[in-house]
Amino acid sequence: MRARQATFKISAVAPDGFPPPGAPEIAFAGRSNVGKSSLMNTLTGFKGLARTSGTPGRTRMLNWFDVVIPTGRPAVFVDLPGYGYAKVSKEMRKGFGTLIDAYITSRDALKAVIVIIDARRGPEDEELDFVPWLEEQGRAPLVVLTKIDKLSKSQRQPAAAAARRALGLKREPILFSATSGEGIDELWRAIDKLVQT
Ligand code: GTP
Ligand code: MG
């Protein structure tokens, strides 16, 4: 499966730059360099959609994308700035955190936050804070373990089970790889349900 359409819409560095709400929004969150932009590109099938790089902390704005999902429903994908990048100054990190907070707590169009975690590292302090906080906000987190191509077949299910336990999730995380394309169809099925809620 791939998106029928996906185009960049707008970036914002502050809440007054957020676009007027339209179609249901699905946000993509995770620590810097975890593979958020790569996931969005592979998932949609539009390779140059979100900028990817080997330089962590590159995505420092919120980026909106108009998407028509495989079932034909319109949605808006939002690439959030990466959290927890040590080389970014504390002041700036506070800024990113505030911007993400402002978006998640105030955005009525937001239907779900996809929390992307490196399958090799599993949930760390940031996720152990962020996922329960999302639940408190009523922002159903959907957890995805990415870079699953870096794990052997026998390591995958244990990694998913461990992440589920650590985060107290109701369902198993989706296993994904932007490199192999594993998990694309499962993630689209989950997103299709979320945009209908
Ligand atoms: P920031 O926007 O800087 O926070 O990064 P990001 O989370 O958007 O990560 P990005 O998609 O730019 O990917 C970071 C690095 O990880 C790049 O070098 C990607 O090629 C690599 N990468 C992303 N996804 C995968 C994956 O599924 N498998 C493998 N092996 N590498 C991946
Ligand atoms: Mg990025």
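Please read all numbers here as calculations on a predicted model, not as lab measurements.

> Just checking my understanding: could you explain the overall build of the chain for this structure?
Along the chain, the regular secondary structure elements total five helices and seven strands. When its helices and strands are written in sequence order, the chain yields β-β-α-β-β-α-β-α-β-α-β-α. Looking at the chain as a whole, 49% of its 197 residues qualify as buried. For the chain, the share of sequence-separated contacts (at least 6 apart) that also reach a separation of at least 24 residues comes to 72%. If you sum the accessible surface of the chain, you get close to 9,400 Å²; carbon and sulfur atoms cover 51% of it.

> What exactly am I supposed to notice about helix H1 (residues 36–44) here?
In an α-helix, one full turn covers 3.6 residues, which means residues spaced three or four apart are oriented alike. Of all nine residues in H1, eight are buried; the element is thus mostly enclosed. Those residues of H1 lying buried are Lys36, Ser37, Leu39, Met40, Asn41, Thr42, Leu43 and Thr44. Once H1 ends, the next one or two residues include glycine 45, with phi positive near 85 degrees.

> How should helix H5 (residues 184–195) be read in this particular structure?
Over its 12 residues, H5 runs 16 Å from end to end, which matches the ideal 16 Å to within 8%, given 1.5 Å per residue. Every buried residue of H5 is listed here: Ile184, Leu187, Trp188, Ala190, Ile191, Asp192, Leu194 and Val195.

> Explain the sheet that holds strand S5 (residues 110–118) to me, please; I cannot follow it from the model alone.
The strand order across the open sheet built from seven strands is S1-S3-S4-S2-S5-S6-S7, with neighbouring strands paired in mixed fashion. Either end of the sheet is taken by a strand with one partner, and the two such strands are strand S1 (5–12) and strand S7 (174–175). Relative to S5, strand S2 (residues 25–30) runs parallel, the two sharing six bridges. What sits directly across from alanine 29, in S5, is valine 115.

> Explanation requested: the pairing of S2 in the structure shown.
Each regular strand displays side chains that alternate between the two surfaces of the sheet. In terms of burial, S2 is a largely internal element, six of the six residues being buried. By the alternation rule, side chains of S2 split into Glu25, Ala27 and Ala29 and Ile26, Phe28 and Gly30, which are all buried. Relative to strand S4 (residues 74–79), S2 runs parallel, the two being bridged by four bridges. When the bridges of S4 are listed, alanine 27 appears paired with valine 78.

What counts and what doesn't
- Numbers given to residues run from 1 along each chain, matching the order in which its sequence is written.
- Whichever chain is written first becomes A and whichever ligand is written first becomes 1, with later ones labelled in order.
- Predicted model: local features are reported for residues with pLDDT of at least 70 only, side-chain atom pairs are reported and counted for 80 or more only, and whole-chain, interface and lining totals are derived from all residues.
- To obtain the side-chain values, all non-hydrogen atoms of the structure were used and water was disregarded.
- Only DSSP runs of H or I with at least four residues qualify as helices, and only runs of E with at least two residues qualify as strands; both kinds are numbered from the N terminus onward.
- Only protein chains enter the accessibility calculation, which uses a 1.4 Å probe; a residue whose area is less than 20% of its type maximum is buried, one above 50% is exposed, and one in between is partly exposed.
- We call two residues in contact whenever any of their non-hydrogen atoms come within 4.5 Å of each other.
- With residues, only the protein chains shown are counted as cover, and all accessible areas are computed by Shrake-Rupley using a 1.4 Å probe.
- One less than the residue count of a helix, multiplied by 1.5 Å, gives the span that helix is expected to have.
- Any two strands between which DSSP finds at least two bridges are classified as paired.

That is the geometry; function is a separate question.
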